[in-house]
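Listed below are the residues making up each chain.
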Amino acid sequence: MPGPQDLEPGESIEQYLGNVVREARLALGRDWTQAYVAGKTFSSGTRISEIERGEDPPDRELARRLEIVLRLPPGTLVNLVKILTERTVRDYAKTYLRRQLEATAIHEFSIVVPGLLQTAGYARAAMQAGLAGTPAQIDDYARRRLDRQAVLDRPDPPWMMLVLDEACLRRDMGGPQAMREQIEHLLTMGERPQVNIQVLPMKGAPVAGSVSLLTFAKGQRGAYTEGFNTGNYTEDPADVMHFQRVYDLLQQAALGVRASRELMRDIAKEQDD
């Protein structure tokens, strides 16, 4: 069975996995186009193309379906995906961020203001707190994060349902002015018809991490979970359903939209005291 030991010098695991998929597909004949394989694996031609180019490897469920459809020995792709998901890498959120731009709906619980709703001041302060790099690097990271927010300004923006931990609204991230601007920005964004923001009160046990659920145009779903300096993205249906239940419980415990807006206004006023 092929494995990472078969990598050519300078070849990444993502590229190697993509080559395995492409060679297996081509070996089955001219009719086995990327679109044909996509149909058999409940995916898309674009997704198969990204995999073959080594740009965006599959999750374990899609890897398993590709093994069956392409008649590869069990574990050929799944084992490579396991290695990829177990690695600790700086760009662990790369797949999630790419897939987020394709989503038609985002359901998220977060212990920090999520990137799509951050102001520049909050984004820089958050990156400084996480020692994300030099001042120049942080400015660049913050700019790119704000650039991604254009997805919410599209003619067909994703529906965004956000449950936000109250603690992150009270935590001093960049100073009183930066926090007041951030909360005011949340209030403004919450006026958009496709953005729904609820606050989870501080009473009760603290939640250790954030979870984001993505829904795509054809009904596929993905889930991203994140803790300190680590994260994981999956499209495995069982995993997605598990995190959907987690989100549902948190959403049920959150304040309603109107009460959440009142609480955010009160916290913003406290920044002036």
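These notes cover the structure that comes with them.

Criteria and thresholds
- Residues numbered from 1 in each chain as written.
- Predicted model: local features only at pLDDT ≥ 70, side-chain atom pairs only at ≥ 80, totals over all residues.
- Heavy atoms only, no water.
- Helix = DSSP H or I, 4+ residues; strand = E, 2+ residues; numbered from the N terminus.
- Contact = heavy atoms within 4.5 Å.
- Core = buried A, V, L, I, M, F, W, Y, C linked by side-chain atoms within 4.5 Å.
- Buried < 20%, exposed > 50% of the residue type's maximum accessible area, 1.4 Å probe, protein only.
- Phe/Tyr/Trp six-rings, centres within 6.5 Å; stacked < 30°, edge-to-face > 60°.
- Lys NZ or Arg CZ within 6 Å of the ring centre and 35° of its normal.

1. Some details on the environment of Asp165
When you line up the elements, Asp165 lands in strand β2 (residues 159-165). Separated by 52 residues in the primary sequence, Asp165 and Val113 place their C-alpha atoms 8.6 Å from one another. Excluding its chain neighbours within four sequence positions, the residues that come into contact with Asp165 are Phe109, Ser110, Ile111 and Leu200.

2. Here's the deal with the nonpolar core
Counting 33 residues, the largest nonpolar core has Leu117, Leu169, Leu186 and Met264 as the members making the most contacts within it. Of all the secondary-structure elements, those providing two or more residues to this core are α7 (120-129), β2, α9 (166-170), α10 (176-189), β3 (195-200) and α12 (257-270). Excluding residues that lie within four positions of it along the chain, Leu117 makes contacts with Gln149, Leu152, Met160, Leu162, Gln182, His185, Leu186, Met189 and Ile197.

3. Considerations on unusual backbone geometry
Here Phe42, not a glycine, exhibits a phi torsion of approximately 55°, which is positive. In this structure, Phe42 sits in the loop between α2 (34-40) and α3 (45-52). Among the residues examined, Phe42 registers a relative accessible area of 64% and is labelled exposed. Positive phi, normally seen in glycine, also occurs at Arg71, with a value near 60°. Among the secondary structure elements, Arg71 is positioned in the loop between α4 (60-69) and α5 (78-86).

4. Re the pairing of β3
Counting buried positions along β3 gives 6 out of 6 residues, so the element sits mostly inside the fold. Burial along β3 is two-sided: the residues Val195, Ile197 and Val199 and Asn196, Gln198 and Leu200 are all buried.

5. So, the packing of aromatic side chains
Summed over the entire model, instances satisfying the criterion amount to 3 aromatic pairs. The interplanar angle of 5° and the centroid separation of 4.2 Å between the aromatic rings of Tyr96 and Tyr224 together place this pair among those described as stacked. One end of the pair, Tyr96, is in helix α6 (residues 94-100); the other, Tyr224, is in strand β5 (residues 221-227), with 128 residues separating them in the sequence. Plain terms: the ring middles of Tyr96 and Tyr233 are 6.4 Å apart, the flat faces sit at 40° to each other, and that makes the pair tilted. Taken together, the residues Tyr96 in helix α6 and Tyr233 in strand β6 (residues 230-234) connect sequence positions 137 residues apart. Grouped by ring-pair contacts, the aromatic residues Tyr96, Tyr224 and Tyr233 constitute a single cluster. Just above the ring of Phe216 sits the side chain of Arg99; from NZ or CZ to the centre is 4.1 Å.

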